[in-house]
Amino acid sequence: MKRLGLTLALCLSGVGGRAEQGVREAEFALNTCDAARGLALLQALAERGDAVAQWKLGEALIATDGIAAERWFTAAFETLRRLAEQGDIEALEWMVKALNFGWGTPVDELAANDWSRRAKRVMLERAEAGDVEAQYLLAAHYNHLIGSNYAMIREAVAWW
């Protein structure tokens, strides 16, 4: 029985890895002007229930097909909310966007602000613990907010 559980866990982790790889391939195709391939890859993954692919497909379609984009955002919302509640940084950031723009849920600025604070707190905790991805995302966040002025970034981090 123990061996069966281990085999199942390894198989499921492989499926997740392939889905993640597929999303990366789709994003690469979209970023290199191969939109048809990128959208087809995302569509296939989204139809199989991959919440990240659903969210990325919604973002890719928002400018050209708002109805389809909203359908994919709605499909992804609950899964991404659960991931955000577990501390997934990307899902936390997506919750902020979803609630600010009404992607898959009604607009709720107060809830968006709460999720934003939670996301920054998780990023800061992980960055201080040495998580390189969190350090990068936190730096990108502060750079986006206040530019590249190092003194202001230090002050903002100290304030947080």
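All values derive from a computational prediction rather than experimental measurement.

Colleague: Teacher, can you tell me more about the packing of aromatic side chains here?
Modeller: Aromatic ring pairs are described here by two measures, namely the spacing of the ring centres and the angle between the planes. In the structure shown here, the tally under the stated rule is five aromatic pairs. Pairing tryptophan 55 with tryptophan 94 gives two aromatic rings, centres 5.9 Å apart and planes at 55 degrees, and the pair type is tilted. Taken together, the positions of tryptophan 55 in helix H3 (residues 51–61) and tryptophan 94 in helix H5 (residues 89–101) put the pair 39 residues apart, joining distant regions of the chain. The class for tryptophan 55 is buried, based on a relative accessible area of 5%. Taking relative accessible area as the criterion, tryptophan 94 reaches 0% and is therefore assigned buried. Sitting over the face of the ring of tryptophan 55, lysine 56 holds its NZ or CZ atom 4.9 Å from the ring centroid. Directly above the ring of tryptophan 115 sits arginine 118, whose terminal nitrogen or CZ lies 4.1 Å from the centroid.

Colleague: What should I look at first to understand the environment of leucine 57 in this one?
Modeller: Tracing the chain through its elements places leucine 57 in helix H3. For leucine 57, a relative accessible area of 1% gives the class buried. With 14 residues separating them along the chain, leucine 57 and glutamine 43 place their C-alpha atoms 6.9 Å apart. Excluding residues within four positions of it along the chain, leucine 57 makes contact with Leu39, Leu42, Gln43, Ala46 and Trp72.

Colleague: Got a minute to help me understand unusual backbone geometry in this structure?
Modeller: In terms of backbone geometry, most residues other than glycine have negative phi values and most peptide bonds are trans. In this structure, cysteine 33 takes a positive phi of about 65 degrees despite not being glycine. By the secondary structure assignment, cysteine 33 is in the loop between helix H1 (2–31) and helix H2 (35–47).

Colleague: Would you mind going over the pattern of salt bridges with me for this structure?
Modeller: Note that side chains of opposite charge can pair when their charged atoms are close. A complete count under the given rule lists eight salt bridges for this structure. Taking the shortest distance from any N to any O, the salt bridge between lysine 56 and glutamate 27 comes out at 2.8 Å. Of the two residues, lysine 56 sits in helix H3 while glutamate 27 sits in helix H1, which places them 29 residues apart along the sequence. Given a relative accessible area of 15%, lysine 56 falls into the buried group. The class for glutamate 27 is partly exposed, based on a relative accessible area of 27%. One salt bridge in this structure joins arginine 117 and aspartate 114, with 2.4 Å as the shortest N-O distance. Here arginine 117 and its partner aspartate 114 are both found in helix H6 (residues 109–128), three residues apart, which amounts to about one turn of the helix.

Quick notes on the rules
Residues numbered from 1 in each chain as written. Predicted model: local features only at pLDDT ≥ 70, side-chain atom pairs only at ≥ 80, totals over all residues. Heavy atoms only, no water. Phe/Tyr/Trp six-rings, centres within 6.5 Å; stacked < 30°, edge-to-face > 60°. Helix = DSSP H or I, 4+ residues; strand = E, 2+ residues; numbered from the N terminus. Buried < 20%, exposed > 50% of the residue type's maximum accessible area, 1.4 Å probe, protein only. Lys NZ or Arg CZ within 6 Å of the ring centre and 35° of its normal. Contact = heavy atoms within 4.5 Å. Salt bridge = Lys/Arg side-chain N within 4 Å of Asp/Glu carboxyl O.

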